[in-house]
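Architecture and fold: a report
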Amino acid sequence: MKTCGRHSYWQQTSVVRQVAFTLLVFLINLLSAHTDNSSDIAKLQTEWHGPGTTLDLKEIILGRCYNYIRTINPALNYVNCTNVWEAFQNVFVNKDPCDIKKEDYSDFMELTRHPIPCGMSVFWSKTNKLVHDYARVIAHYMTLEQTLYGYLADKLRWCGKIHGEGIDYKSCPTRKQCSNNPLSSFWSQASKTFAGEACGNVTLMLNGSVGGGAFREDSLLATVEIPNLNKDNVTLVQIWVMDDVTGIDRESCGQGSIVRLESLLKEKQIPYSCMDNYRPVHFLQCAEHPDSPSCK
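Residues numbered from 1 in each chain as written. Predicted model: local features only at pLDDT ≥ 70, side-chain atom pairs only at ≥ 80, totals over all residues. Heavy atoms only, no water.

**Digging into the overall build of the chain**
Rules: Only runs of H or I of at least four residues qualify as helices and only runs of E of at least two qualify as strands under DSSP, and these elements are numbered from the N terminus. Exposure is judged per residue with a 1.4 Å probe applied to protein chains only, and the accessible area is read against the type maximum: over 50% gives exposed, under 20% gives buried, and values in between give partly exposed. Whether two residues are in contact is decided by their heavy atoms, any of which lying within 4.5 Å being enough. What sets the accessible areas is the Shrake-Rupley method with a 1.4 Å probe; for residues, cover comes only from the shown protein chains.
Looking only at helices and strands, the chain has ten helices and six strands in total. For the chain, the residues scored as buried account for 43% of the 296 residues in total. Partitioning the intrachain contacts of the chain with sequence separation of at least 6 by distance along the chain shows that 76% fall at a separation of at least 24. By element, 54% of the accessible surface of the chain is carried by carbon and sulfur atoms, the whole surface being about 16,200 Å².

Structural data, given as structure tokens:
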């Protein structure tokens, strides 16, 4: 009887061990599956921090395209605006908005790029309103936003849904959430294209009053545009450091971050000049702020 009881005891123990082992294997597999799919689950549950796609995006881009080739620059009347929209939407619709690379816009750029007359290219950083006010007054200058490809996308937002169901009108990722988002990749590719087209005298308008430096190392000007200037085509880079007419003078030519900009141009063997508060631009500032002490 003792032997029989001992045998029964070991049978029960063996069964318990088998059950425990089976449960352990099940839990390990369950945990592994959860880990493998956790990124996908997180994506499905993500609500991006940026605003969603601009409403009526297709109609806006098609309308801008026809306006540009019919009234702004009729020399581009050969551009097929329907093909432009198709190439644009193919980049992001039904695509993960954190996996859009700048090269994805290559087809769109090929359809919309056009020559920039030498001496007309203007680059800027933290002077958005001022540089475009000046470019509108002086037709001799052209910013990225005044090219066809820049004009089509200016001030718009767009992204696809992460689980592949069209366009996300609710929210889109910010650069902090992912760098390969539709907007960041677009403007990086557009900036590269614009810089590569520059020739003759090139103008840079910077803000000498802004905190953090007039020439920011993380800006598209520093990371994309300056590196893609062609020294064989660019005769001179003229730098204008403009203080806010109602602000303070934080940086000037030969100071602070401007020294780094000048160093980069020297490395590229591109001649440059620098001027603080270029008078024709300053006059435009004073037209808007006539009572400013600097305008008296």
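Okay, back to it.
**What to know about the layout of surface pockets**
The test is simple: Detection works on a 1 Å grid of protein atoms alone, calling trapped sets that fit a 1.4 Å probe cavities and calling open sets with protein on both sides within 12 Å along at least five of seven lines pockets, with lining residues defined by an atom within 4 Å of a point. Grid points are joined across faces, edges and corners, and a volume is the space filled by probe spheres set on the points. The residue classification treats Ala, Val, Leu, Ile, Met, Phe, Trp, Tyr, Cys and Pro as nonpolar and Asp, Glu, Lys and Arg as charged. All others, Gly included, are polar.
For the largest pocket, the calculated volume is near 1,300 Å³. Along the walls of the largest pocket sit 49 residues, with Trp124, Leu144, Glu145, Trp187 and Leu220 positioned nearest its centre. Grouping the amino acids of the lining of the largest pocket by side-chain chemistry returns 23 nonpolar, 15 polar and eleven charged. Taken as a whole, the second largest pocket holds about 250 Å³ of empty space. The set of elements that each furnish at least two residues to the lining of the second largest pocket consists of helix 5 (128-137) and helix 10 (279-288). Here the residues of the lining of the second largest pocket are counted per class, giving four nonpolar, five polar and five charged.

**Regarding the sheet that holds strand 2 (residues 122-125)**
Here is the rule: Here the rule is simple: two strands pair whenever DSSP picks up at least two bridges between them. To obtain each axis, a line is fitted to C-alpha atoms, and for helices this fit is confined to the stretch in contact; angles are then taken between N-to-C directions over 0 to 180 degrees.
Pairing in this open sheet of four strands is parallel, and the strands run 2-4-5-6 from one edge to the other. Two strands close off the open sheet at either side, each with one partner strand: strand 2 and strand 6 (272-276). Ignoring strand direction, the axes of neighbouring strands in this sheet form an average angle of 20 degrees. Of the pairings in the sheet, the one linking strand 4 (residues 200-207) to strand 5 (residues 234-242) comprises eight bridges and is parallel in character. Bridge pairing in strand 5 places Val202 opposite Val237. The sheet strands contacting helix 5 are strand 2, strand 4 and strand 5, and the helix crosses strand 2 at an angle near 155 degrees.

**Quick look at the packing of aromatic side chains**
In plain terms, the rule: Put simply, two rings from Phe, Tyr or Trp (the six-membered ring, in Trp's case) pair if the centres are within 6.5 Å, and we call them stacked under 30 degrees between planes, edge-to-face over 60, tilted for the rest.
One pass over the structure, following the stated rule, counts 16 aromatic pairs. Seen from their ring centres, Phe88 and Tyr105 are 6.4 Å apart, and the 45 degrees between their planes marks the pair as tilted. Of the two residues, Phe88 sits in helix 3 (residues 81-92) while Tyr105 sits in the loop between helix 3 and helix 4 (106-112), which places them 17 residues apart along the sequence. For the pair shown, Phe88 and Tyr105 are each scored as buried. For the ring pair Tyr105 and Phe186, a centre distance of 5.2 Å and an interplane angle of 80 degrees mean the geometry is edge-to-face. Within this pair, whereas Tyr105 is found in the loop between helix 3 and helix 4, its partner Phe186 is found in helix 7 (residues 182-197), the two being separated by 81 residues in sequence. Take Tyr105: its relative accessible area is 0%, and that puts it in the buried class.

**Remarks on the side chain of Gln238**
As a reminder, the rule being used: Two N or O atoms form a polar contact when they lie within 3.5 Å of each other; inside protein one atom must be a possible hydrogen donor and the other a possible acceptor, and for residues adjacent in sequence the pair counts only when both atoms belong to side chains.
Checked against the element boundaries, Gln238 lands in strand 5. Only 2.8 Å separates the side chain of Gln238 from the side chain of Thr203, close enough to count as a polar contact. Non-local contacts of Gln238, meaning those with residues more than four positions away in its chain, are made with Tyr141, Val202, Thr203, Leu204 and Ser273.

**Some details on the pattern of salt bridges**
For the record, the criterion: Any carboxyl oxygen of Asp or Glu that lies within 4 Å of a side-chain nitrogen of Lys or Arg is treated as forming a salt bridge with it.
Tallying each qualifying case throughout the model produces eleven salt bridges. Across the pair Lys155 and Asp154 runs a salt bridge, and its minimum N-O distance is 3.2 Å. Between Asp218 and Arg216 there is a salt bridge, with its nearest N and O atoms 3.2 Å apart. Under the relative-accessibility criterion, Asp218 is labelled exposed at 63%. The class for Arg216 is partly exposed, based on a relative accessible area of 23%.

**Structural notes on the packing of helix 2 (residues 57-72) against helix 3**
Note the threshold: Oblique is the label for any angle not under 35 degrees, not over 145, and not in the 65 to 115 range, which are roughly parallel, roughly antiparallel and roughly perpendicular in turn. In this scheme the crossing of two helices becomes right-handed for a clockwise turn of the near helix relative to the far one and left-handed for an anticlockwise turn of less than a right angle.
Where helix 2 meets helix 3, the closest approach of the two axes is 10 Å, and the angle between their N-to-C directions is 140 degrees. With respect to helix 3, the axis of helix 2 lies oblique. Considering how the two elements wind past one another, helix 2 and helix 3 form a crossing that is right-handed. Contacts between helix 2 and helix 3 pair Leu57, Lys58, Ile61, Leu62, Cys65, Tyr66 and Ile69 from the former with Cys81, Thr82, Trp85, Phe88 and Phe92 from the latter. Partitioned by chemical class, the residues of the contact of helix 2 with helix 3 number ten nonpolar, one polar and one charged.

**Here we look at unusual backbone geometry**
At Lys126, a residue that is not glycine, the phi angle is positive and equals roughly 60 degrees. Relative to the helices and strands, Lys126 is located in the loop between strand 2 and helix 5. In this structure, Gln269 is a non-glycine residue whose phi angle is positive, near 60 degrees.

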